[in-house]
Amino acid sequence: MLNQAIILNTDAHMQMRQVADVARYTPVGSPVEVGLLNFVSSQGKPVHELLINRENNYKLMSWIPFSSERRCMTVAFQLQDEHGNDVVRVVMKGAPETVIRKCSAKLDAYCESAHFEGHGDDGTATLTDIQRMLISDIVTEGDQQVPIGLKTLTFAYKDMSYDEFVEIKSHNQNFETEEGRIALESQLTYIATMGLSDPLRENIDAAIEELNNTSTNVRIVSGDHRAAVEAVAIRLGMKESFGSNDKDIMSGEELLEKLRGWMVETEDTEEGRGKTFVFQNSDSMKRFKRDVKKNVVFVYRATPMLKHMLVCALRQSGATVGVTGEGLGDARALSEANVGFTMG
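Every value quoted in this text rests on a predicted model; they were computed, and no experiment measured them.

Trainee: Help me understand the confidence of the model for the protein chain in this model?
Mentor: Close inspection of predicted coordinates is inappropriate in any region flagged by low pLDDT. The predicted model of the protein chain averages 85 in pLDDT, with 89% of residues at 70 or higher. Scored below 50 in pLDDT, residues 142-146 shows seven contacts in the model against residues more than four places distant or in partner chains.

Trainee: Could you clarify how one ought to interpret the pattern of salt bridges in this entry?
Mentor: A side chain of one charge can pair with a side chain of the opposite charge if their charged atoms are brought near each other. Overall, the coordinates contain 15 salt bridges when judged by the stated rule. R70 is the partner of E178 in a salt bridge, and the nearest nitrogen-oxygen pair spans 3.1 Å. Here the residue E178 occupies a position in helix α7 (residues 178-184), and R70 occupies one in the loop between β3 (59-67) and β4 (72-80), the gap between them amounting to 108 residues. A relative accessible area of 39% means that E178 is categorised as partly exposed. Accessibility expressed as a relative area gives 12% for R70, which makes it buried. Residues participating in the shared-partner salt-bridge network are R226, E230, K239, D246 and D248.

Trainee: What's the story with the sheet that holds strand β6 (residues 103-107) in this structure? I'm lost.
Mentor: Two pairing modes exist for strands in a sheet, parallel and antiparallel, and in both the strands are linked by backbone hydrogen bonds. Read from one edge of the open sheet, seven strands run β3-β4-β5-β8-β9-β6-β7, paired in mixed fashion. If you trace the sheet from one side to the other, it starts and ends with β3 and β7 (113-115), each paired once. Neighbouring strand axes in the sheet, compared pairwise and without regard to direction, differ in orientation by 35° on average. In this structure, β6 lies alongside strand β9 (residues 188-196), joined through three bridges in parallel fashion. Following the sheet pairing, K106 is matched in β9 by Y190. Against the sheet, helix α2 (residues 31-42) engages β4, β5 (86-94), β8 (151-160) and β9, with an angle of about 100° to β9.

Rules used in this analysis
- Residues numbered from 1 in each chain as written.
- Predicted model: local features only at pLDDT ≥ 70, side-chain atom pairs only at ≥ 80, totals over all residues.
- Heavy atoms only, no water.
- pLDDT = per-residue confidence, 0-100.
- Contact = heavy atoms within 4.5 Å.
- Salt bridge = Lys/Arg side-chain N within 4 Å of Asp/Glu carboxyl O.
- Helix = DSSP H or I, 4+ residues; strand = E, 2+ residues; numbered from the N terminus.
- Buried < 20%, exposed > 50% of the residue type's maximum accessible area, 1.4 Å probe, protein only.
- Pairing = 2+ DSSP bridges.
- Axes fitted to C-alpha atoms, helices over the stretch in contact; angles between N-to-C directions.

Structure representation (structure tokens):
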């Protein structure tokens, strides 16, 4: 089921390329998507043929692309299930915190539905201790708490009849709104949570040490899970151990709420960057310096909006800001910085 879920829910494709003087199909797409298809291929599955089969034999019914705000991607295809029945199969993948909450069942060792401690609804409830342990054991090496820093990605699915799907879609604005998508992305069956390796760039630890020696404050602002961010920080020598100092780490959701209370959106008339953010008053800036700038070094599950607002806040509080980033999600933060470094 996991292999099929990966094939159904991917926007990567296969392309003929020369590899070691041999022409072969290789995956093309984002690093995460390429990694997932390589995982399927490593099990001896013909990924190129599976993708062709998806395009030729499965009817695409819905496609909700990934976004940094939603932290998930959902697709629906009409196909025949393992018993030969015509169904619409909905497959969701994304951050464990997002997907697990929407699950009300899980696949057991026999690929049969079993009880699961998810909530199955719109995901407003918090994760249980069991679910947190599941994520942590993938990001770290279980009880050893070795900081391997894997990116976590959870897959879940559900089947429904064609008529049921059409009815739900028509009554929920064709899934174009978040409210409408709840009906599609709920009561799911948990498939698996995967850990994907994202190796650090060569000599990055030495570069950060050199920056620290020149009184440059280095911060990690990431869209990854908390445990993944802490694992990277430990490997870089920026943090001693998991949970060693809760004051230096904050969730993107909490920080964004604080910044929205301190800042207002306005037009950047001086540097022509478009929309920017400024502090409401001097008291707001003082609170930012005291509660965030002085202590917070690591931010996890950061959205593009949060990254942009944080750069604005740092600059207006007197800092000269350099930002490294990649992808569209970092574009506004890179533009707002004094110096922006795009990484390919």
